[in-house]
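Breakdown of the fold
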Amino acid sequence: MRTKCPRPAPSLKGRALRYLSRRDYSRAELAAKLKRDAQEGDNIEPILDALERDGWLSDSRFAESVVHRRASRFGAARIVGELKRHALHGDLLDDVGNQLRETEWERAKAVWQKKFQGHVAQSPAERAKQARFLAARGFSRAVISRLVSGIDDGAGDE
């Protein structure tokens, strides 16, 4: 009868590659996951640097992934907030925010039409309900007010 030998635990780089093979991570998020697995004295920064250099780890690719998954349902504020929680900042965050704001009217209108079947609110209570729904999704006040008021053009987008 053959006995199984226990496999050695994968290295930190092996663990990082296994995480990255499933989905994209931000550098800070992957660092936090690896710190849980690291032994005392292990330095994960050189591993993260090597993964970035080899193209396995990319904050911009992570941001694109989040935008791709969330843009059809959420506004710029909510998506940018999620990226900030993943410790992205600087020019990358500004670029993503600007890109999302360019299409916010169309995305908000699509979300509103799906939820409310294109029914323009007739009462203040209905308008407030629709506005709260869109605000919770992270759309801007200007877009929300135009949408729930029944203004249907794309002029003056933010």
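Residues numbered from 1 in each chain as written. Predicted model: local features only at pLDDT ≥ 70, side-chain atom pairs only at ≥ 80, totals over all residues. Heavy atoms only, no water.

As annotated in an unreviewed UniProt entry, the chain carries the name Regulatory protein RecX and is attributed to Mycetohabitans endofungorum. Checking UniProt for the chain, the heading Subcellular location (unreviewed entry) contains the comment "Cytoplasm". (UniProt positions renumbered as here; feature names shortened; annotations may be inferred.)

Our focus in this paragraph is helix α4 (residues 59–70). Taking 1.5 Å per residue as the helical rise, α4 with its 12 residues ought to reach 16 Å, and the 16 Å between its terminal C-alpha atoms agrees with that figure. Inspection of α4 places Phe-62, Ala-63, Val-66 and Val-67 among the buried residues, and these make up the whole buried set. Taken around the axis of α4, the buried residues stretch over an arc of 135°, which confines them to a single face. Opposite its buried face, α4 presents the exposed residues Glu-64 and His-68, each directed more than 90 degrees away. Check the buried side of α4 and you find it contacts α2 (27–37), α5 (76–85) and α6 (91–102). (Helix = DSSP H or I, 4+ residues; strand = E, 2+ residues; numbered from the N terminus. Expected span 1.5 Å × (residues − 1). Buried < 20%, exposed > 50% of the residue type's maximum accessible area, 1.4 Å probe, protein only. Arc of directions from axis to C-beta. Contact = heavy atoms within 4.5 Å.)

Here the UniProt-annotated "domain: RecX first three-helical" (unreviewed entry) positions come out as residues 14–49. Along residues 14–49 one finds 69% helix and 0% strand; the C-alpha atoms at either end are 14 Å apart.

According to UniProt, the positions carrying the feature "domain: RecX second three-helical" (unreviewed entry) are residues 58–94. Here residues 58–94 is 70% helix and 0% strand, with 17 Å between the C-alpha atoms at its ends.

What follows deals with the nonpolar core. Side chains that are nonpolar tend, in soluble globular proteins, to be buried together. Core analysis: the biggest nonpolar cluster contains 14 residues, and Val-67, Ile-79, Leu-83, Val-96 and Leu-100 have the highest contact counts within it. Secondary-structure elements contributing two or more residues to this core are α4, α5 and α6. The contacts of Val-96, once residues within four sequence positions are left out, are Ala-63, Val-67 and Leu-83. Among the nonpolar cores identified, the runner-up in size contains 13 residues, and Ala-16, Tyr-25, Ile-44 and Leu-57 belong to it. (Core = buried A, V, L, I, M, F, W, Y, C linked by side-chain atoms within 4.5 Å.)

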